[in-house]
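Single-letter residue listing:
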Amino acid sequence: MATESAGSLGREELIEAYRVMRTIRAFEERVHTEFASGELPGAVHLYAGQEAVAAGVCGALVEGDYIASTHRGHGHAIAKGCDIGAMMRELYGKAGGSCNGKGGSMHIADFERGMLGANGVAAGGAPLACGSALSAKVLGKSHVSVAFVGDGAANQGSFSESLNLATVWQLPVVFVVEDNFYAQATGTRYHLRGLDVARRAEAFGMPAVTVDGTDYFAVRDAAATAVERARSGGGPSLVECKAGRFFGHMEGFDQQGYRGAGEVDRLRAEQDCLVKFVTAAGLSTSETADVDVTVDAAVEVAVAEAKAAPSPELTELLTDVYVSY
Ligand SMILES: Cc1ncc(C[n+]2csc(CCOP(=O)(O)OP(=O)(O)O)c2C)c(N)n1
Ligand SMILES: [Mg+2]
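Everything numeric here is computed off the predicted structure, so don't read it as measured data. For every chain, the first residue of the written sequence is number 1, and numbering continues from 1 along that sequence. Lettering for chains starts from A, numbering for ligands starts from 1, and both go in the order in which the items are written. The predicted nature of this model means local features are confined to residues of pLDDT at least 70 and side-chain atom pairs, given and counted, to a pLDDT of 80 or more, with totals for whole chains, interfaces and linings taken over all residues. Heavy atoms from the whole structure form the basis of all side-chain values; hydrogens and water molecules are not counted.

Q: Kindly report on the coordination of the magnesium ion (ligand 2), identifying the contributing residues and their values.
A: Note that water is not among the atoms considered, so a metal site may appear incomplete; the donors listed are N, O and S atoms within 2.8 Å of the metal, with 3.2 Å applied to Na, K and Ca. Protein coordination of the magnesium ion (ligand 2) is provided by Asp 151 (OD), Asn 180 (OD1) and Tyr 182 (O), with donor distances spanning 2.1 to 2.2 Å. The sequence pattern formed by the donor residues of the magnesium ion (ligand 2) is D-x28-N-x1-Y. Pair noted here: Asp 151 is in the loop between strand 2 (145-150) and helix 7 (157-168) and Tyr 182 is in strand 4 (residues 182-183), with a separation of 31 residues, a long-range link. As far as burial versus exposure is concerned, Asp 151 and Tyr 182 are alike and both buried. Comment: elements are numbered from the N terminus, with helices defined as DSSP H or I runs of at least four residues and strands as E runs of at least two. Using a 1.4 Å probe on the protein chains alone, a residue whose accessible area is under 20% of its type maximum counts as buried, one over 50% counts as exposed, and one in between counts as partly exposed.

And the structure:
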């Protein structure tokens, strides 16, 4: 599909988009093997397969914009510019991690990068992004806030409340719903009856579109339109992106018996957003190889440094945990 940004992005922007998606993929594939070898603690939800959503949406943002993420948040963090070394240390619970090793996968945050946090509460990012968007409105700032929400989380009451508040207050916020076809082991045809979440958003008086979440350019164009609308005072929008995950719901505990035979193999063979992107962007083998080598080396370093890093000091146990105002 020929989309607006496919033609308008320069070579450097295309290579940067590939670098972001390739970093997410390498990070997630490596975390999967680290977890399988018993090296990695905690609860981990992998984002591989959905890279074009995080990269496409964050590609439409500028510095100073904010995102609020989900329990499946590594891809969002990487796309928003978080350091993968700090992220890997966080996953290992080590000093120097994004939250000094005390948050783990589901709490990675970096306010300086505009990453308001992964979130263990389904749809927890939606009201957070509304708050961040309200601050822009009240303080007269120009930042836009994005909430990433899963298809299952879109059934949470807090999500509907957020859509309502956002339209009532005309907040500069974009809701990005990632329909990866499952909420844990429950398929969307059981919990949404096949209904696009975008149709629900329209009932709140909000522009909403549904796009192929494995198509970087389709996601980026839809996000750019929504971000521009938000920044120029046009209020909230919703972008629904459909893209399956390559791994189970959660590392270590999901045999994926609820998925059809060969479903993941087919996803990897036919719906790989990185392969689609390279073809659509016309990147050469040498262009991708340069990125691949750099990215793989960076992930290797991140893992080695995370393993070698010390645990946080006991004296740090309560720092950054409680805030007094
Ligand atoms: C408020 C709340 N209820 C239940 C859960 C347990 N839970 C964790 S992930 C999940 C499913 C989320 O599905 P979806 O929103 O589609 O995101 P995905 O895992 O597919 O990325 C649930 C129910 C939770 N974390 N928070
Ligand atoms: Mg889901």
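Q: For unusual backbone geometry, give the residues involved together with the corresponding values.
A: Its identity is not glycine, yet Phe 181 carries a phi of approximately 75°, on the positive side. Tracing the sequence through the fold places Phe 181 in the loop between strand 3 (173-179) and strand 4. Exposure remark for Phe 181: the relative accessible area of 32% places this residue in the partly exposed category. In this model, Gln 184 sits at a positive phi of 55°, which is unusual for a non-glycine residue. With respect to the helices and strands, Gln 184 occurs in the loop between strand 4 and strand 5 (186-187).

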